[in-house]
Amino acid sequence: MSAPSPAAAPRPRLPRWRWRDALWIVLALVAVVALRKGESSYEERDAPLLQTAPAARAVGRNFAVEVGRLKVAQAYLLKGDFSHPEDRTLRSPGVWLSVLAKVEALQRPGYVTAQIRTRDGLVYVASNPNRPKLPGLNLSERALAAGLAENGAWFFELPADKIEGAHLQVYWGNGLPVGGDSLVDIDLGLDKAAARKLVAAAKPVLDLRM
């Protein structure tokens, strides 16, 4: 007699999905989506509010700006002071772009900060009050009294090829733009022709001795 063949091993039983398991998965996915929506909402609240405005008169929270002439120079000739009695030339790795403007704090004293945003999204903040050091002209970190307009200029250092399509952006305060506050964006009208003309007219050394 032949030996009996061994009995087939029992197949492992797969776990059976129940409707409760499916429900828990659906609820978990809903929770993840809700959390991600909450994160994006927080980022939107934390970002400044971009506000387009004309160069003739741009109004943001507690300030107004009127943009005047633009000028490009390769370097500035500055008058000496107590620490550096001799006249000196202030150069830049790129070019200097000056933006004449009238700035006014509307309701309370403070500061208005300016920056250039290029067409490819780069940001160049206005140079500090000592570069160039021109008291009464450089608007950077200028303390503004409410209701009293100040005339002057912001000075920017940037590559010449970044001037085309550049916008001026201004906001209230003396640091980074505050989340939820207005970031006023001003089109300077620097199309290809205007930018080329501005750069072509740039003086090698612009005399700013006062």
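In the block above lies the structure referred to throughout.
Residues numbered from 1 in each chain as written. Predicted model: local features only at pLDDT ≥ 70, side-chain atom pairs only at ≥ 80, totals over all residues. Heavy atoms only, no water.

Caption draft 1: Molecular detail of the pairing of strand E9 (residues 182-187). Counted residue by residue, E9 has five buried out of six residues, so it is predominantly covered. In the sheet, strand E1 (residues 49-53) pairs with E9 via five bridges, with the strands oriented parallel. The partner of Gln-51 across the bridge, within E9, is Val-184. In this structure, strand E8 (residues 167-172) lies alongside E9, joined through four bridges in antiparallel fashion. What sits directly across from Val-170, in E9, is Val-184. (Buried < 20%, exposed > 50% of the residue type's maximum accessible area, 1.4 Å probe, protein only. Helix = DSSP H or I, 4+ residues; strand = E, 2+ residues; numbered from the N terminus. Pairing = 2+ DSSP bridges.)

Caption draft 2: Representation of the side chain of Thr-118 within the structure. Inspection of the secondary structure puts Thr-118 in the loop between strand E5 (112-117) and strand E6 (123-125). Once residues within four sequence positions are removed from consideration, Thr-118 is found in contact with Tyr-124, Lys-162 and Ala-166. (Contact = heavy atoms within 4.5 Å.)

Caption draft 3: Examining the packing of aromatic side chains more closely. Tallying each qualifying case throughout the model produces two aromatic pairs. On the basis of an interplanar angle of 80° and a centroid distance of 5.6 Å, the ring pair of Tyr-76 and Phe-155 is categorised as edge-to-face. With a gap of 79 residues between them, Tyr-76 in strand E3 (residues 63-78) and Phe-155 in strand E7 (residues 150-158) connect regions that are remote in the sequence. Each member of the pair, Tyr-76 together with Phe-155, is buried. (Phe/Tyr/Trp six-rings, centres within 6.5 Å; stacked < 30°, edge-to-face > 60°.)

Caption draft 4: Expanded view of the nonpolar core. Counting residues in hydrophobic clusters, the biggest one holds 35 residues, and the most contacted among them are Trp-154, Phe-156, Leu-168 and Val-170. Here this core takes six residues from strand E4 (residues 88-105), the largest share from any one element. Ignoring any residue separated from it by four or fewer positions in sequence, one finds Val-170 in contact with Phe-63, Val-65, Val-112, Thr-113, Ala-114, Trp-154, Ser-182, Leu-183, Val-184 and Ile-186. Ala-73, Leu-78, Leu-90 and Leu-208 belong to the second-largest nonpolar core, a separate cluster that totals 10 residues. (Core = buried A, V, L, I, M, F, W, Y, C linked by side-chain atoms within 4.5 Å.)

Such coordinate-based values are descriptive only and should not be taken to indicate function.
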